[in-house]
Amino acid sequence: MFKSTQLIGLVLMGLCLVSKKSHAQQTATNAWVIQHVNIITMNEANSIIPNATVYIADHQIVSINGAYPKNATVIDGKGKWLMPGLIDMHVHTPTDVGPFGLKYPTQGATIFFDLQDQMLLYIANGVSTIFELSARAEHFGQRNEIAKGTVIGPRMALAAMIDGGTGQGRSVNTPEEGRQAVKSAKAEGYEFIKVYAYLNPATYFAIIDESNKQGLKVIGHIPTSFKDKLKEAFVPGFGMVAHAEELTNYAKDYSDQEAQEMAALLKTNGTWLSPTLITMEAIASQVRSLEPLKALPSLAYVHPLLQSKWLTANKYNKMSSPENIAHFEQYTRFNLQLVKACAAVGVPIVAGTDAGTSGVIAGFSLPDEMALLVKAGLSPQAAIASATKLPAQWLGIDKVLGSIEAGKLADLILLEENPLNDIQNIRKIAAVIINGQWLDQASIQKKLQHLAQKNTNMKDQFDWKTITSPKK
Ligand SMILES: [Zn+2]
């Protein structure tokens, strides 16, 4: 009998022997060459390489316009555009839930969200990395399923959320508790900290200071406890504001001058902005009416329990009144002014969607966000940077992702048309390459249709009201 360490040794030796075979032989099944393709590199110089040959093997971009093995799969990229996979900097992926009312210890969840179904929505839109902004233990499990290859899905960055008050999760109300929460989150494996709305100022400052000490970057809301002292929230190490409305909340006359003053706070402090324009657009839309959401083709891909919640227990639509409609429209307008003001002074802007919020559909909402960034005044090039190299840089993964360069991971989107001419072309996907998997548009459509059918078939079992308030 071998001890397990000996066995591991043998396996490793085996791998060494395999790697001595010719490179071509080893990678042939997992090697592609895209020929005659135009590359939007998103490298430092933002170079475009026309009519290029890209060799991909073992999840990696091996070379651009270099040699490649004869037996690699060749794809004709003539007239097409290759760009880095997209990064969504603000998502909430549902995890299994229930039971509603614990009946006995050891009882598990009662409602299960198929991870592949959820992740398909990202892949279908070329989203190859997501930033989970209220990560829990289950998200580590989800990430491992994807890393293992059991599920095709995006790479996941995980932020632990810390709030004040007495709510669920990490609630801290003193600087000591705040520091301890950061240390615990780090020990549990979280890579980032998200600060939330109900922290008191002293605790908020302690969390940011401790995160800096522990080497964790901080993103988040601006706690309501700052009231009319917005400036004070901008301390060194407050890395990113998670929504434009965190600033809009402080607007008095919604003027461009006010937007510029806020932009100056971010610029001076080195704080980035993830405006999540689509979130406020979706909320404003649902305050007006649920009809646009009902008509959204991608709603069919959302789990029927969430469809039921969004359409029958919609908290935004319940607020519908002429005053609220005007209020949210004001917010959407000022958010655009803010983005414009931030871009003008060079505050880095990254694309995030808050996917999982009512009416914000995973994956499909990121091209919407990028289009809104262009509406706010960003060039298509800057909007693409906001969902590729800039977030890669903030997350600290820019050595491996965010641009197309030899040696980087091959998370790529092949587009039918040039997104630099029109950002809407970001939706014209010919194929997505992610984590060593090649998915063309036909296979993506087939999977989406299958999912829509599955959701329709399950609809009757997932009525929101029946499930969340079962009969006694
Ligand atoms: Zn969020």
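The following refers to the structure shown. The model shown is predicted, which means the values in this text are computed figures rather than measured ones.

**Let's talk about the overall build of the protein**
1) Next: Within the protein one finds 18 helices and 16 strands.
2) Next: Here the C-alpha atoms of the protein give a radius of gyration of 23 Å, agreeing with the 23 Å that 2.2 N^0.38 yields for 472 residues.
3) Next: Taken along its principal axes, the extent of the C-alpha atoms in the protein is 65 × 55 × 50 Å.
4) Next: Across the 472 residues that make up the protein, the buried fraction comes to 44%.

**Structural notes on the environment of Pro304**
1) Next: Relative to the helices and strands, Pro304 is located in helix α11 (residues 304-312).
2) Next: Each C-alpha atom, one on Pro304 and one on Met458, is 6.9 Å from the other, the two residues being 154 residues apart in sequence.
3) Next: Setting aside chain neighbours within four positions, we find Pro304 in contact with Asn455, Met458, Lys459 and Phe462.

**Some points on unusual backbone geometry**
1) Next: Of note, the amide linkage connecting Gly98 to Pro99 takes the cis form, showing an omega dihedral of -5 degrees.
2) Next: Position of Pro99 among the secondary structure elements: in the loop between β6 (86-91) and α3 (115-124).
3) Next: Although it is not a glycine, His36 adopts a positive phi angle of roughly 55 degrees.
4) Next: Tracing the chain through its elements places His36 in strand β1 (residues 31-40).
5) Next: Phi at Met42 is positive, roughly 55 degrees, even though this residue is not glycine.
6) Next: Looking at the secondary structure, you find Met42 in the loop between β1 and β2 (48-57).

**Concerning the pairing of strand β14 (residues 412-415)**
Side chains on a regular strand alternate between the two faces of the sheet.
1) Next: By the alternation rule, side chains of β14 split into Leu412 and Leu414 and Ile413 and Leu415, which are all buried.
2) Next: Bridging between strand β5 (residues 81-84) and β14 involves four bridges; their strand directions are antiparallel. Across the sheet, Met83 pairs through a bridge with Ile413, a residue of β14.
3) Next: The pairing of β14 with strand β15 (residues 429-434) spans four bridges and is classified as antiparallel. Each residue of the ladder has a partner; that of Leu414, found in β15, is Ala431.

**Thoughts on the packing of helix α9 (residues 277-288) against helix α14 (residues 365-375)**
1) Next: Between α9 and α14, whose axes approach to 8 Å, the crossing angle comes to 100 degrees. In this view, α9 runs roughly perpendicular relative to α14, as classed from their interaxial angle. Along the contact surface, α9 presents Leu277, Ile278 and Glu281, while α14 presents Ser365, Asp368, Glu369, Leu372 and Leu373.

**Some thoughts on the packing of α3 against helix α17 (residues 441-458)**
1) Next: The interhelical angle for the contact between α3 and α17, taken along N-to-C directions, is 145 degrees, at an axis separation of 11 Å. The way α3 lies across α17 gives a crossing that is left-handed. Of α17, the residues touching α3 (which contributes Asp117, Leu120 and Ala124) are Ile444, Lys447, Leu448 and Leu451.
2) Next: Across the contact of α3 with α17, the residue classes tally to five nonpolar, no polar and two charged.

Analysis parameters
- Residues numbered from 1 in each chain as written.
- Predicted model: local features only at pLDDT ≥ 70, side-chain atom pairs only at ≥ 80, totals over all residues.
- Helix = DSSP H or I, 4+ residues; strand = E, 2+ residues; numbered from the N terminus.
- Rg over C-alpha atoms; globule rule 2.2 N^0.38 Å.
- Buried ≥ 20, exposed ≤ 12 C-beta atoms within 10 Å, placed from the backbone.
- Contact = placed C-beta atoms within 7 Å.
- Pairing = 2+ DSSP bridges.
- Axes fitted to C-alpha atoms, helices over the stretch in contact; angles between N-to-C directions.
- Parallel < 35°, antiparallel > 145°, perpendicular 65-115°, else oblique.
- Left-handed = near helix turned anticlockwise from the far one by under 90°.
- Nonpolar A, V, L, I, M, F, W, Y, C, P; charged D, E, K, R; others polar.

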